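# Understanding the architecture of this molecule
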Amino acid sequence: MEKKVDILCVSPHPDDIEFACSGTIARLIKEGKKVAYLLCTSGDKGTSDFTIKPEVLSKMREKESQAAAKVLGVTDVMFLRFPDQGLEDTAQFRKEIVRGIRIYKPETVFCPDPYRKYLWHRDHRITGVVTLDAVYPYARDHLAYPDLIEQGYMPHKVREVYCWAPDDNANHWSDITTTIETKLAALKCHESQVGDHFEETEAWVRQRAADAAKGRKFKLAEAFHYVDVYY
Ligand SMILES: [Zn+2]
């Protein structure tokens, strides 16, 4: 039941990690860290194609995620299969994130920054806030979910959280200069999302990484809001 890793990436949709933090994930894997993905939805609404059925799309996108994970060297991908555009701050969603944390027992969690202002995909906002709540105090406290304990999911204390895509409250910049090509290769696996305009996507990703590194010692970066879990 337990599949210990160093890092757990909690993602609302299948391509979010590759867009937001896969340069950092690729570097950490190269440095020897073990990483797992916890995908909250399988992205069944992520298309402008009127002919594709949601169930076909979600299967396609799960495969794309697995391919991207393989490019990066991610150990395991777990699918929660909540409906796309349907994530809410519910006891059920929180419990599934807690279960994921207790299965993978990570030191470090990556999730969306929930405190981005104005336009922000609701699934991202909700995943961020629910993941932070799951980290502290729910995953840590055995009385939070007595039924999870009965099922063998024992408490776990996460040490730190990196919230990706912060707007004006970034406090950590990660060097992705040597892993940008791996990031782009992983991103390319999400064919249903970027297949017909990959060149544009690539230019945007490179520009965004250069902008995030402005004023730093390195050329390309991903920005985060870092949270030290001191409880
Ligand atoms: Zn997303």
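Here, every reference points to the structure presented above.
I will try to describe carefully the structure that is included in this document. Treat the numbers as computed from the prediction; the structure is a model and nothing was measured.

We now examine the sheet that holds strand β7 (residues 221–228). Strand order in the open sheet made by the seven strands is β3-β2-β1-β4-β5-β7-β6, with mixed pairing throughout. Every other strand in the sheet has two partners, leaving β3 (76–82) and β6 (172–175) as the edge strands with one partner each. Strand-to-strand twist across the sheet, computed as the mean angle between neighbouring axes with direction ignored, equals 25°. As paired strands, strand β2 (residues 35–41) and β3 are joined by five bridges and run parallel to one another. Along β3, the bridge assignment pairs Thr41 with Phe82. Strand contacts of helix α2 (residues 22–30): β1 (7–11), β2, β6 and β7, with the helix running at about 150° to β2, the strand carrying the most contacts. Where helix α5 (residues 122–138) meets the sheet, it contacts β1, β2, β4 (108–112) and β5 (160–164), and its direction lies at approximately 155° from that of β4.

What follows covers unusual backbone geometry. Tyr136 connects to Pro137 through a cis peptide bond whose omega is 5°. For Pro137, the location among the structural elements is in helix α5. Not every positive phi belongs to a glycine, and Arg81 is a case in point at roughly 60°. Residue placement: Arg81 occurs in strand β3.

What follows is about the nonpolar core. Core analysis: the biggest nonpolar cluster contains 64 residues, and Leu8, Cys9, Val10, Ile25, Val35, Ile101 and Phe110 have the highest contact counts within it. Apart from residues no more than four positions distant in its own chain, Ile101 is found in contact with Leu8, Pro106, Ala134, Val135, Ala139, His156 and Val158.

Basis of the calculations
- Within any chain, residue numbers begin from 1 and follow the written order of that chain's sequence.
- Confidence filtering applies because this is a predicted model: local features only for residues at pLDDT of at least 70, side-chain atom pairs given and counted only at 80 or more, and all residues used for totals across whole chains, interfaces and linings.
- Strands are treated as partners if at least two bridges between them are detected by DSSP.
- Each helix corresponds to a stretch of at least 4 residues labelled H or I by DSSP, and each strand to a stretch of at least 2 residues labelled E; elements are numbered beginning at the N terminus.
- Only the stretch in contact is used when fitting a helix axis, every axis being a line fitted to C-alpha atoms; angles between N-to-C directions are given from 0 to 180 degrees.
- The contact criterion used here is simple: two residues whose C-beta atoms, placed from the backbone, lie within 7 Å are in contact.
- Nonpolar cores are built from buried Ala, Val, Leu, Ile, Met, Phe, Trp, Tyr and Cys residues. These are joined into a set through C-beta atoms within 7 Å.
- Remark: C-beta atoms are placed from the backbone, and a residue is labelled buried if 20 or more other C-beta atoms sit within 10 Å of its own, exposed if 12 or fewer do, or partly exposed between those counts.

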